[in-house]
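# Commentary on secondary and tertiary structure
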Amino acid sequence: MENEIFRVGNDTARVYRCNTAVVGSGAAGFNAADRLWKLGQHDILLITENRIGGTSRNTGSDKQTYYKLTLSGGDPDSVREMAQTLYEGRCVDGDIALCEAALSTQCFLKLVELGVPFPRNRYGEYIGYKTDHDPRRRATSVGPYTSKQMTECLERAVQNDGVPVLDKMQVIRVLSENDTVCGLLCLNAAAQDDAERFVLIRCKNVIYATGGPAGMYADSVYPFSQYGATGLALEAGAKGKNLTEWQYGLASVAPRWNVSGTYMQVLPRVYSTESDGSDEKEFLMDFFNDVHDMLSKLFLKGYQWPFDVRKVADGSSIIDILVYLESCKGRRVFLDYRTNPVSGAFDYKSLLPEARVYLEKAGACFGTPIERLAHMNQPAIDFYRDKGVDLYTQPLEIALCAQHNNGGLGIDCWWQTNVKSLFAVGEVAASHGVYRPGGTALNAGQVGSTRAAQYIAARCQGEAPDCFDTAAASALKEMSELANSCTAETGNVRTLWKQASAAMSRCGAAIRDEEQIREYCKVVQTQLKNFHTIVRVSNRGELAMAYRLRDMLLSQQAYLTAMVDYRAHGGKSRGSALYTDRKNGTKPFAHLPDTFTFALDKNEQPLIQELRYENGICKTDWREPRPIPEDDDFFENVWRSYRETGNIQ
């Protein structure tokens, strides 16, 4: 890991050399580094903006799920059947689905060996349960912090390996030429003076594990330490795929946390206030004629947590819509566990059977919401108390929030993008489609990082290509000029960030208005074009945010363009995105505003949308999903090929 000084005029950057740079310190990034090391590729660097930041380490849910092949009981299951389940999520490439199914057991058992305490019975079976969009009992969990425990165990493995780590390094440009990656330009957040602020990574391969573009949205359940860097990869030539497909759901805003599971099943009181806390109102009953219908749908939000357009007209997702509408009025929405809804004027026996039977079996048809929550799930109360919120004495503010990007960077079956030697793993990779079983994201991150490491160790030895010098010089000059031109006594970058993320949450989140999307996309394009003259920073911390803002705007331009293009090709509401359609839609609920008419996309296997930056302009294309491969599985043939190539080709 020798280093040297790279100079372009008066600008300098320290250079580190390696075969492979792993960007990101979440579960996928750590697994990639550990796999590479174990496969004998020790010429690697793990680069991270914040070693203890990111989504994997700092997020969870009522019971955070990990999805894998069934490993208990007598229920039939197979790699092919699990692949088919993933493929049926729509807009999913079959080869990726097959890989995620085939390697799910290997990756799961590695985590077990590293110390993640997934539950098993006395006979050693790893028991499971059904999650959303799951026909089997493939889901498992270690509680609210499954991904956190995964990350910590994988980090210990990387530390034991001795993998060198560069912390406080913010990637600000992915270096590439002729669709081949050759390195990275980073901002050194630990630099004491301007001469040390830039660092170059000269490498042959990049494993990009930066997480989803969480910074795009103001209403978000992502941790504040998660920003993403999807825009930089798109700028470097990587194709986006399924960028329209996200997952949204109700979450508390302080702290950011999914209010799924028992948080909803105990039937809290839902009310709103003006921004100053006045005018308290249980607004849901403005839209329901029957209190038991309202409470039943509120209950169902517990395990139908993601917003789903199929469940709006006569299902639980109407709750999401009503919360969103209330927030659009400038009002704040709260869950209150201290007092029963509608002053307790309801009868458990009059709830829909799904809610009534569950609460009866749980022995929870009594008391107040907090008493029911303590009876059913005391750790759910403890979590918020640990974060400074006492549900016994305080309401919990919520919003309809972005939670996961099912799209991202397009990849092949080795998780390599169309840019040679640039691999995308974890949430930044578009391995999912419109729908996905809960917990598949954690499995996908482990499988993708394993596949990328296997391919690099077998096929991608050597040093960075010759294009590094020219690409590095150009990037260093441009990013240095940006830093100098933005410097001012008073900064505005934080204000610009808040404005941009708020605009995205209002026009391009769960509820999408095509006209508003088009208008805001023009604003984003203008800001990118005039970035040097618009953005002002007064210190090094604001400079880091300026580079993040640039990446965020690049991402927003791509995602908004994808949404406009999707609608131009006849796309309708699907998954977790409701496109308002005043002319051709149907009204889902009698008392909703006319803007909330929409039409569902009922196409069984829609096309995959791809997007690519060309000279600052986003261009799109459409293709059929790749089918699940039908390979020759005759043992002797596979064995021979494995002996000759390791079947890495």
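Before any of the text, the structure's been laid out above.
Residues numbered from 1 in each chain as written. Predicted model: local features only at pLDDT ≥ 70, side-chain atom pairs only at ≥ 80, totals over all residues. Heavy atoms only, no water.

## Digging into helix α1 (residues 27–38)
End to end, α1 covers 16 Å across 12 residues, agreeing with the expected 16 Å (1.5 Å per residue, within 8%). Where burial is concerned, most of α1 is hidden: 11 out of the 12 residues are buried. Listed in full, the buried residues belonging to α1 are A27, A28, G29, F30, N31, A32, A33, D34, R35, L36 and W37. (Helix = DSSP H or I, 4+ residues; strand = E, 2+ residues; numbered from the N terminus. Expected span 1.5 Å × (residues − 1). Buried < 20%, exposed > 50% of the residue type's maximum accessible area, 1.4 Å probe, protein only.)

## Regarding the pairing of strand β21 (residues 617–623)
Sheet topology note: the strand β20 (residues 608–614)/β21 ladder contains seven bridges and is antiparallel. Across the sheet, E614 pairs through a bridge with I617, a residue of β21. Where β20 folds back onto β21 in an antiparallel hairpin, the turn is made up of two residues, including N615, whose phi is positive at roughly 55°. (Pairing = 2+ DSSP bridges.)

## Looking at the layout of surface pockets
Each pocket or cavity is described by its volume, and for the second largest pocket that value is around 880 Å³. Around the second largest pocket, the lining is made up of 23 residues, and of these L98, R451, D631, V638 and N647 lie nearest the centre. Elements supplying a minimum of two residues to the lining of the second largest pocket: α4 (94–102), α14 (440–459) and α20 (635–645). Residue classes in the lining of the second largest pocket are distributed as 10 nonpolar, six polar and seven charged. (1 Å grid on protein atoms, 1.4 Å probe; cavity = no way out; pocket = protein on both sides within 12 Å on 5 of 7 lines; lining within 4 Å. Points joined across faces, edges and corners; volume = space filled by probe spheres on them. Nonpolar A, V, L, I, M, F, W, Y, C, P; charged D, E, K, R; others polar.)

## A look at the pairing of strand β13 (residues 269–273)
Counting buried positions along β13 yields five of five residues, so the element is predominantly enclosed. Side chains of β13 alternate between two faces, with R269, Y271 and T273 and V270 and S272 buried alike. The sheet contact formed by β13 and strand β14 (residues 332–336) spans five bridges and is antiparallel. Counted as the bridge partner of S272 is V333 from β14.

## Re the sheet that holds β21
Pairing is antiparallel in the open sheet, where four strands are placed in the order β16-β10-β20-β21. With one partner strand each, in any of the chains shown, β16 (408–409) and β21 form the two edges of the open sheet. Taken strand by strand, helix α19 (residues 540–568) contacts β16, β20 and β21, and its axis lies near 135° from that of β20. (Contact = heavy atoms within 4.5 Å. Axes fitted to C-alpha atoms, helices over the stretch in contact; angles between N-to-C directions.)

## Comments concerning the packing of aromatic side chains
With the rule as written, the count across this model stands at 23 aromatic pairs. Here Y217 and W246 contribute two aromatic rings whose centre-to-centre distance is 5.1 Å and whose plane-to-plane angle is 85°, an arrangement assigned as edge-to-face. Separated by 29 residues along the polypeptide, Y217 in the loop between β9 (198–208) and α7 (230–235) and W246 in strand β11 (residues 246–253) bring together distant segments of the chain. Note on accessibility: Y217 and W246 belong to one class, buried. What links up through ring pairs into an aromatic cluster is the set Y145, W257, Y263, F383 and Y384. Sitting over the face of the ring of Y435, R310 holds its NZ or CZ atom 3.8 Å from the ring centroid. (Phe/Tyr/Trp six-rings, centres within 6.5 Å; stacked < 30°, edge-to-face > 60°. Lys NZ or Arg CZ within 6 Å of the ring centre and 35° of its normal.)

## Details of the sheet that holds strand β15 (residues 396–405)
Strands pair in a sheet through their backbones, by hydrogen bonds, and they do so in one of two ways: parallel or antiparallel. Spatially, β12-β11-β15-β14-β13 is the arrangement adopted by the five strands of the open sheet, whose pairing is antiparallel. On the outer flanks of this sheet lie β12 (256–258) and β13, each paired with one strand and no other. Between one strand and the next, the sheet's axes are offset by a mean angle of 50°, whatever the strand orientation.

## Brief notes about empty space enclosed by the protein
If you walk through the whole model with that rule in mind, you get four cavities of 30 Å³ or more. Taken as a whole, the largest cavity holds about 70 Å³ of empty space. Looking at the largest cavity, the residues that line it are D219, Y248, Y324, S327, A399, L400, S505, R506, A509, A510 and I511. Listing elements by their share of the lining of the largest cavity, those giving two or more residues are α10 (318–328), β15 and α16 (493–507). Among the residues forming the lining of the largest cavity, the class breakdown is seven nonpolar, two polar and two charged.

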